[in-house]
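# Examination of the molecular architecture
Read off the chains here:
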Amino acid sequence: MTAPLLSVSRLVMNFGGHRAVDGVSLDIDSGKLVCILGPNGAGKTTLFNLLTKDLRPTSGSIRFDGSDVTALPPHAVARLGIGRSYQITSIFPAWSVEDNVWIAAYRHAHGGRLVFGRRAAFYRAVAPRIAGLLDLVGLTKLRGVSAGALSYGDQRLLEIAITLATGPRLILLDEPTSGLSQEETGRVGGLIRTLAASTTVVMIEHKMDVVMEISDRLVVMDRGRVIADGSPAAVAADAAVKAAYFGT
Amino acid sequence: MITSALLGVQVANGLAVGALYALMAFGLSIIKGLLNVPNFAHGALFLVGAYVAWAVSGGSGSFWLGLLAAAAATALLGMAIERLLVRRLHRGAYLFQLLLLFGTALVMEQTVIAIWGGLGRSMSPPPWLTGAVDLGFSPFPRYLLFIVVAAAVVIAAVWALIERTWIGARIRAGIERPEMAQSLGIDVEALVTAAFALGAGLAGLAGALAAPLTGLSVTMGTDMLAIALVVVVLGGLGSIYGGVLAGLLVGVVQSLAALWVPQASTVVIYAAMILVLAVRPQGLLGER
Amino acid sequence: MTRSRMVGLGVLAGSILVAPALLSFSTASELLIFGLAAAAAYPVIGVGGLFSFGQAALFGIGGYTGGWLMAHAALPLLWPLLAGAAAAGLFATAMGAMCVRRSSIYFIMLTFAFNQLVYYAIYSWRGVTGGQDGLADIARPARLLPYLPGVNLDRPVNFYVLVAVIVFGCFLLLLRIVDSPLGRVLDAAKQNARRAAAIGYDIHRAQTLAFALSGVFSGIAGVLYAMLYWIMPIDAVAWVNSGNLVFMVLIGGLGSIFGAPIGAAVFILLQDSLSLVWDRWPLLFGLIVIGVVLFLQGGVLELGGMLRPALRRASGADAP
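Here's what I pulled together on the structure shown here. (Residues numbered from 1 in each chain as written. Chains lettered and ligands numbered in written order. Predicted model: local features only at pLDDT ≥ 70, side-chain atom pairs only at ≥ 80, totals over all residues. Heavy atoms only, no water.)

All right, on to the overall build of chain A then. Per the secondary structure count, chain A includes 9 helices and 10 strands. On C-alpha atoms alone, chain A measures out to a radius of gyration of 18 Å, which is about the 18 Å that the 2.2 N^0.38 rule sets for 248 residues. By residue count, 52% of the 248 residues in chain A fall in the buried class. Here the contacts in chain A between residues at least 6 apart in sequence split such that 66% fall between residues at least 24 apart. Surface exposure of chain A reaches about 10500 Å², of which carbon and sulfur atoms provide 54%. Taking the average place of the 26 positive charges on the side chains of chain A and the average place of its 22 negative ones, the gap between the two points comes to 7 Å. (Helix = DSSP H or I, 4+ residues; strand = E, 2+ residues; numbered from the N terminus. Rg over C-alpha atoms; globule rule 2.2 N^0.38 Å. Buried < 20%, exposed > 50% of the residue type's maximum accessible area, 1.4 Å probe, protein only. Contact = heavy atoms within 4.5 Å. Areas by Shrake-Rupley, 256 points an atom, 1.4 Å probe, with all protein chains shown as cover. Lys, Arg positive; Asp, Glu negative; His and termini not counted. Charge placed at Lys NZ, Arg CZ, Asp CG, Glu CD.)

What follows covers the interface of chain C and chain B. On the chain B side, the residues contacting the 38 residues of chain C number 45 residues. On the surface where chain C and chain B come into contact, there are 0 salt bridges. Run the count over chain C and chain B and you get 2 residue pairs in polar contact (both at pLDDT 80 or more). Every element with two or more residues in the side of chain C that touches chain B is listed here: helix 5 (104–124), helix 10 (239–252) and helix 12 (281–295) of chain C. No other element matches the 14 residues that helix 5 of chain C contributes to the side of chain C that touches chain B. (Salt bridge = Lys/Arg side-chain N within 4 Å of Asp/Glu carboxyl O. Polar contact = N/O pair within 3.5 Å; in protein donor to acceptor, adjacent residues only side chain to side chain.)

Residues and elements named next belong to chain C. Contact pair helix 3 (residues 55–72) / helix 4 (residues 78–99): the axes reach a minimum separation of 8 Å and the direction vectors enclose 150 degrees. Considering how the two elements wind past one another, helix 3 and helix 4 form a crossing that is right-handed. Every residue of helix 4 that contacts helix 3 at Ala57, Leu58, Ile61, Gly62, Thr65, Gly66, Leu69 and Met70 is listed here: Trp79, Pro80, Ala83, Gly84, Ala87, Ala88, Phe91, Ala92 and Met95. Classifying every residue of the contact of helix 3 with helix 4 by side-chain character gives 13 nonpolar, 4 polar and no charged. (Axes fitted to C-alpha atoms, helices over the stretch in contact; angles between N-to-C directions. Left-handed = near helix turned anticlockwise from the far one by under 90°. Nonpolar A, V, L, I, M, F, W, Y, C, P; charged D, E, K, R; others polar.)

Considering every one of the 2 pairs of chains in contact, the largest contact total is recorded for chains B and C. At the level of C-alpha atoms, the two units chain A and chain B stay apart, their nearest approach being 12 Å.

This is the structure in structure tokens:
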């Protein structure tokens, strides 16, 4: 039995008097696709923010790939291989699609070195990788378009491409299909399945059809706690989950 | 030889200057709270206040009329600056707002010079405020005492306005929780104008009070602005009253520093500020 | 290098060659020196979106350091130039490291406070800096580099050539910085700081580095300025000068580093011509600042961009 890729232990996050994450412990094994479910305010996005160090936990610890990352700043955990997409689209709107991916691909290829003696255009070796990623998310034709001018769905796809370009070993996706049309949801769902074949994915998702179909494991949160954890079929049958989430 | 009397005078002096800093910082905090921009024209308003007080009290013979005219003129100016200029810019366009205020400050400063000339002036306090009162351990010049009392009264009045009234509650919400103030649907536009006028009036009043103490010079506004900004940062940006405390502290420290390093008392203030912020980035009373 | 960059550099080089025909050598030199100071502010203000009001301090530290050496020791120019660049670069690094962690308004006020710290330090340290009279008796060095034959920099044309070469060279380096991965990271942090960090960039480090580089080039501009009138005036360190430098970057246009020298030129020429009209020229200047901020936020480069379609239409109408 190998050690889990990500190991979260008794994680707590207080905002003033409100306990947004209340003692969450979770192990994520390499190569799995895990979905986190839960009603609004369950603490899912806060948990992601803790994992990427956008927030500093009140207590508890986070281990990634065997090392303690609890005290690291955001850029350091990103370099270790935790990549993330945001619930509210987070891209670089003034740049072309291609440049959006370039900044991530350069970081991956050159370790985030802040070179100032060479032009960015010098680093052309990352171009094939960028082309491959744009092809994967279906944005090749739009590569020269300013990211701020893309449709909402295309911005979501671009965001995933940026995340992938950093070469993550653990991908955190925060509602990747929210606000997407049926057709776009299908495309993103297919994309996530492709990713899951080669890497570890944790996603927050509300669309039950997507969740039930593609995930290996479901984690259900409510009011900052994990209330159910297991295979999709087992979790769907769980009485506590029905009460909290399905409202039956 | 530094005697206790000398120390006493310096502390008194420091408190008076500090009270002026506190008035300036208070006004800056109010404006900053609602615009989220440091008012780079605050020093020019201080300058205008001083010259208006000098001209009006000299012309009318009434010291009180001078103070009143200074506060009223600068409050009106502040209102005009906000209504006619600042409002035209997008909120959050910091750089443009700063440059706009920078340009406005230049115009005001130069207008003062164009009207009253570039030479320094002196203004004497009214006869009943000359001389000193004996506080037992040391004499306290009457005018210095007057500044401290006047500043305290004005700050208390504005405090009451902010803490006890409906308008004040809104100004305060704007300062401490700007996002919330907007989401609650408070009429932020009218509030910004009122706050700008209030802050500007405080600056003008500070200038008027300063005139008999330091004399009048065309650079007094710039010098004052620099220190007032430091005082606000030191007090803590989210805090309305931190600036008052920091103002008094800075005044006293600067005044005492002048005993030991007369040349460099102002440098001491800036160095102290950077030190404090290195240890306590949120300022003295600031949260976070 | 892209075509627009080549065109920009060509125009800049052409202007440097033509300037002495239209202006006195000293005005043309001053224009170039402030052009460099504004361009040095550009990586921080334009690319990084960090509104530093401490640029005059960097310019001044360079000028006073280099100027003091030139006033007290007959060294080749290389040494005062390096000393000024190093001193300003070091101070900028310290200032940047303390300031970049603060949010925008805090940042502005802190950089301003650093500027005042330097101003009052120079003001108070009379014995070394000359206090409010400025640092006088600065001698232009007799040689540029050690072991080379001397050159008479007191001849205006020689001095102008020296300034032109140094400024153009520094501008090329600054252009390289703007186009470098560091420049991209600064731009990314300006657009979306959280995303840039989530990708794996240490944005505070990048911003501090931008400050350091800005300091080095501001310092070089300061040393050249100290030589220009053989005196380093304390006004050069005053916060008003920081405001002027920000204004130069803005009036040229925040969108391109080529705006910086244009902005400096507009500023210096405006100042020179206004001062002929009226003693109270800063009042007119203040009105112009207000006008630009209200009506021409994109700066002169944008004005060119707005006029271009109109010009094209006009020339298109003439064509058969």
